Amino acid sequence: MKFFVSTGEVSGDLHLSYLVKSMLQENKDIKFYGVAGEHSKAQGVEIIQDITELAIMGFTEIIKKYSFLKKKANEYIEFIKKEKIDKIILVDYGGFNLKFLELLKKEVPEVEVFYYIPPKLWIWGKGRIKKLVKADHIMVIFPWEVDFYKKEGVKVVYFGNPFVEKYSVVERTGDKILLLPGSRKQEIKSLFPIMLELIEKRKDEKFLLKLSSREHLKWIEKDLTIYKNLEIEIENKTLAQCVKECKTAIAASGTVTLELALLGIPVVVIYKTGFINAFIARYILKLGFVSLPNLTLNREVYPELLQERCNAQEIEKYLEHFENYKEKVARDIAEVREKLSGNNIIKSYGEFLIKGEE
């Protein structure tokens, strides 16, 4: 059995790697090829396109790379035909994968397509459902998505959130503040200066900056060695090990906020984007919450400081809030895990991909 996989970001690659590992435990003869990153490669995916070349975020950025992505989609189609691929797994990355799905159904309609972690249509709007339902199977990882699609008459598969099985609550013994400014250049360049202002203001606090690559230091213009209250972690410690040393975290909005919730640490969520992206998000998409823990409970678990509210003064206010309401914050965070739990979650998704039925 041959699978072609397509994802475009680190979070999707991580989720894909869990599936690949589980599926190969069930059937060692399965072959995986496609568009993925280092996590999936480590589990046995033969990479034909590394996702580091595909990292795009925002509406304007996708438009700029449109011709490049269209060319890539056609290359993947030719590979699928040549290798006689049986099944396709699309993971997240809706800006590309929805268009790719249309091409697949046009060029190789006999291939069975699974869309795992579909685009956030409850944010983007229902219009794209017409494209999504071209997939043979839609697999979601959040309970509210089941209700959303049911109202639209679309059947989806849900077993729970895989991160629940990958992240356990960590006993925090340190007093540092964990800083996670994201993994994209635009995120780090816009968010880290705000974090740096906090480091300069609160010299009595200890900060731990975690970056996912040494390359990201090039996007920080300041000499960080002058800050005695700042420790930089890149390759030696896992996210869980960093959380163990910290009392709170400040993180860019993204999948990491859910990982942090499952590890059990309070987080101030921050984000700033360009004017056009912000305008579209605010006025056209009418976003409510943006962080996954808040969306999970449909109320504020983590404060979200976006755009003009994303500043050191606001962050300080919520760091104090965490100190004053420790028990309530801890209960809210624990409820996120409870809401997303299931039985043999990753194994169930893997078996479904192999068999194509529940």
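Higher on the page you've got the structure.
Bear in mind that the values here come from a model prediction, so they are computed numbers and not experimental data.

Enquirer: It is not clear to me how the environment of Met-139 should be interpreted in this structure. Could you clarify?
Expert: By secondary structure assignment, the location of Met-139 is in strand β6 (residues 137–140). Judged by relative accessible area, which is 0%, Met-139 ranks as buried. For the pair formed by Met-139 and Phe-352, sequence separation is 213 residues and the distance between their alpha carbons is 9.4 Å. Setting aside chain neighbours within four positions, we find Met-139 in contact with Phe-114, Tyr-115, Tyr-116, Ile-117, Pro-118, Val-157, Tyr-349, Phe-352 and Leu-353.

Enquirer: Is there a simple way to explain the sheet that holds strand β13 (residues 304–306) in this structure?
Expert: Consider a sheet: its strands pair through backbone hydrogen bonds, and that pairing is either parallel or antiparallel. Reading across from one edge, β10-β9-β8-β11-β12-β13 is the order of the six strands in this open sheet, with parallel pairing throughout. Both outer strands of the open sheet, β10 (230–233) and β13, are each paired with one neighbouring strand and no more. The average angle at which neighbouring strand axes cross in this sheet is 20°, direction not considered. Its contacts with the sheet put helix α10 (residues 185–201) on β8 (176–180), β9 (207–210), β10, β11 (246–252) and β12 (267–271), and the angle it makes with β12 is roughly 130°. Sitting on the sheet, helix α15 (residues 312–324) is in contact with β8, β11, β12 and β13, with an inclination near 160° to β12.

Enquirer: Please clarify how the pattern of salt bridges should be interpreted in this entry.
Expert: Pairing between side chains of opposite charge can happen when the charged atoms of each approach one another. In the structure shown here, the tally under the stated rule is 29 salt bridges. In this structure, Glu-83 and Lys-2 form a salt bridge, with 3.5 Å as the shortest nitrogen-oxygen distance. With Glu-83 in helix α4 (residues 66–83) and Lys-2 in strand β1 (residues 2–6), this pair connects stretches of sequence that are 81 residues apart. Through salt bridges with shared partners, a single ionic network connects Lys-201, Arg-202, Glu-205, Lys-247 and Glu-316.

Enquirer: Looking at this model, I keep getting lost on the nonpolar core. Mind explaining?
Expert: In globular proteins that are soluble, nonpolar side chains generally tend to be buried together. Of all hydrophobic cores here, the largest spans 89 residues; its most connected members are Phe-32, Leu-178, Ile-250 and Leu-260. The leading source of residues in this core is α10, at eight residues. Core analysis: the next-biggest nonpolar cluster, separate from the first, contains 34 residues, Tyr-76, Phe-79, Leu-101 and Val-108 among them.

Enquirer: Quick question: what am I supposed to make of unusual backbone geometry here?
Expert: Backbone phi values are negative for most residues with the exception of glycine, while trans is the configuration of most peptide bonds. Despite not being glycine, Ile-117 shows a phi value in the positive range, around 60°. Looking at the secondary structure, you find Ile-117 in the loop between β5 (112–116) and α6 (121–124). Judged by its relative accessible area of 11%, Ile-117 is buried. Within the chain, Asn-298 stands out as a residue other than glycine whose phi angle is a positive 55°. Relative to the elements of secondary structure, Asn-298 occurs in the loop between α14 (292–297) and β13.

What counts, and where the lines are drawn
- Residues numbered from 1 in each chain as written.
- Predicted model: local features only at pLDDT ≥ 70, side-chain atom pairs only at ≥ 80, totals over all residues.
- Heavy atoms only, no water.
- Helix = DSSP H or I, 4+ residues; strand = E, 2+ residues; numbered from the N terminus.
- Buried < 20%, exposed > 50% of the residue type's maximum accessible area, 1.4 Å probe, protein only.
- Contact = heavy atoms within 4.5 Å.
- Pairing = 2+ DSSP bridges.
- Axes fitted to C-alpha atoms, helices over the stretch in contact; angles between N-to-C directions.
- Salt bridge = Lys/Arg side-chain N within 4 Å of Asp/Glu carboxyl O.
- Core = buried A, V, L, I, M, F, W, Y, C linked by side-chain atoms within 4.5 Å.

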